[in-house]
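Structure assessment
The residues making up each chain are set out below.
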Amino acid sequence: MSAASRAPLTLAGAVAAASLLSACTSGGTSGGGGDTNFIMGKDGISTVAKGKRHAAPDLSGKTLDDKQLAVSSFKGKVVVLNVWGSWCAPCRAEAPNFEKVHKDLKSRGVQFVGINVADPQIRSARAFEEQYGVSYPSLYDPSSKLMLRFEKGTLNPQAIPSTLVLDRDGKIAARSLAALSEEKLRKMIDPVLAEK
């Protein structure tokens with residue numbers, strides 16, 4: 001492949017990376033398109049009624065501590081998925097909230113899983129987890145390919161941080177495309193945890 005034919009590919013990759021890195025906000029927008037049945041609440045949390053939920057895609061791979069993980073192995077538990085990057089200020093702000101709620105709810109059948117995106121250096125992601133005392137596993141996804149597995153309209157690849165709550169059947173019950181306080185995170189999880 002000549003340098004001239006590689007240039008458009010390199011430029012496209014640079015534009016995609018720049019848009020992803022510039023997307024880290026404390027706000028958030030709709031994922032757009034798709035028929036995902038989300039209903040947006042006044043608090044910015046979107047939910048899906050129990051009978052209208054879609055299954056989460058296959059989310060598996062290596063974790064930051066170099067182990068294999070498949071989110072599907074947690075079926076039967078409520079799963080909280082948090083998309084984050086070490087370079088993202090709102091991700092740093094919400095990390096202590098996630099760790100606190102994780103510790104409070106793990107004995108009640110709630111499993112937290114991070115998805116670390118757009119961190120080309122794994123050591124940056126590991127340093128983030130060490131700094132904030134994150135004890136739950138995170139899939140390492142430097143190219144953000146896992147986010148592309150979600151049905152159109154479920155997640156906006158530029159909305160980082162993003163959080164999804166999966167019900168005990170592995171279906172997407174709630175989402176937030178913005179950083180979460182401890183109170184909002186609990187408000188997202190509690191109704192799903194209360195389901196029978």
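What you see is a predicted model, and the numbers here were worked out from it, not measured in a lab. (Residues numbered from 1 in each chain as written. Predicted model: local features only at pLDDT ≥ 70, side-chain atom pairs only at ≥ 80, totals over all residues. Heavy atoms only, no water.)

The number of helices and strands found in the protein chain is four helices and nine strands. Start at the N end of the protein chain and walk to the C end: the helices and strands fall as α-β-β-β-β-β-α-β-α-β-β-β-α. Taking all 196 residues of the protein chain together, the buried fraction comes to 43%. Long-range pairs, those at least 24 residues apart, make up 73% of the contacts in the protein chain between residues at least 6 apart in sequence. Surface exposure of the protein chain reaches about 9,700 Å², of which carbon and sulfur atoms provide 55%. (Helix = DSSP H or I, 4+ residues; strand = E, 2+ residues; numbered from the N terminus. Buried < 20%, exposed > 50% of the residue type's maximum accessible area, 1.4 Å probe, protein only. Contact = heavy atoms within 4.5 Å. Areas by Shrake-Rupley, 256 points an atom, 1.4 Å probe, with all protein chains shown as cover.)

Considering all chains together, one arrives at one cavity of 30 Å³ or more under this definition. Those elements giving two or more residues to the lining of the largest cavity turn out to be strand 5 (78-84) and helix 2 (89-105). Class assignment for the residues of the lining of the largest cavity results in six nonpolar, one polar and no charged. (1 Å grid on protein atoms, 1.4 Å probe; cavity = no way out; pocket = protein on both sides within 12 Å on 5 of 7 lines; lining within 4 Å. Points joined across faces, edges and corners; volume = space filled by probe spheres on them. Nonpolar A, V, L, I, M, F, W, Y, C, P; charged D, E, K, R; others polar.)

Where burial is concerned, most of strand 9 (residues 172-176) is hidden: five out of the five residues are buried. Looking at chain direction, strand 2 (residues 46-47) and strand 9 are connected through two bridges and run antiparallel. Bridging across to strand 9, T47 finds its partner in A174. The sheet contact formed by strand 8 (residues 162-166) and strand 9 spans four bridges and is antiparallel. Within strand 9, the residue paired with L164 across the bridge is R175. The turn linking strand 8 back onto strand 9 is made up of five residues, and G170 within it adopts a positive phi angle of 80°. (Pairing = 2+ DSSP bridges.)

Counting across every chain of the model gives ten salt bridges. Measuring nitrogen to oxygen at the nearest pair gives 3.7 Å for the salt bridge that ties E182 to K100. Of this pair, E182 sits in helix 4 (residues 182-194) while K100 is found in helix 2, placing the two residues 82 residues apart along the sequence. Given the relative accessible area of 41%, K100 is considered partly exposed. A salt bridge links D104 to R186; the nearest nitrogen and oxygen atoms lie 2.3 Å apart. Of this pair, D104 sits in helix 2 while R186 sits in helix 4; the two residues are 82 residues apart in sequence, bridging distant segments of the chain. The exposure class of D104 is partly exposed, given its relative accessible area of 35%. Where salt bridges share partners, they join K100, D104, E182 and R186 into one cluster. (Salt bridge = Lys/Arg side-chain N within 4 Å of Asp/Glu carboxyl O.)

Attention now goes to the confidence of the model for the protein chain. For the protein chain, per-residue confidence averages 84 on the pLDDT scale, and 81% of positions sit at 70 or higher. A low-confidence stretch, residues 1-23 (pLDDT under 50), is modelled with 14 contacts involving residues beyond four sequence positions or located in other chains. Between residues 25-33, whose pLDDT stays under 50, and residues either more than four places distant or in other chains, the model counts 24 contacts. (pLDDT = per-residue confidence, 0-100.)

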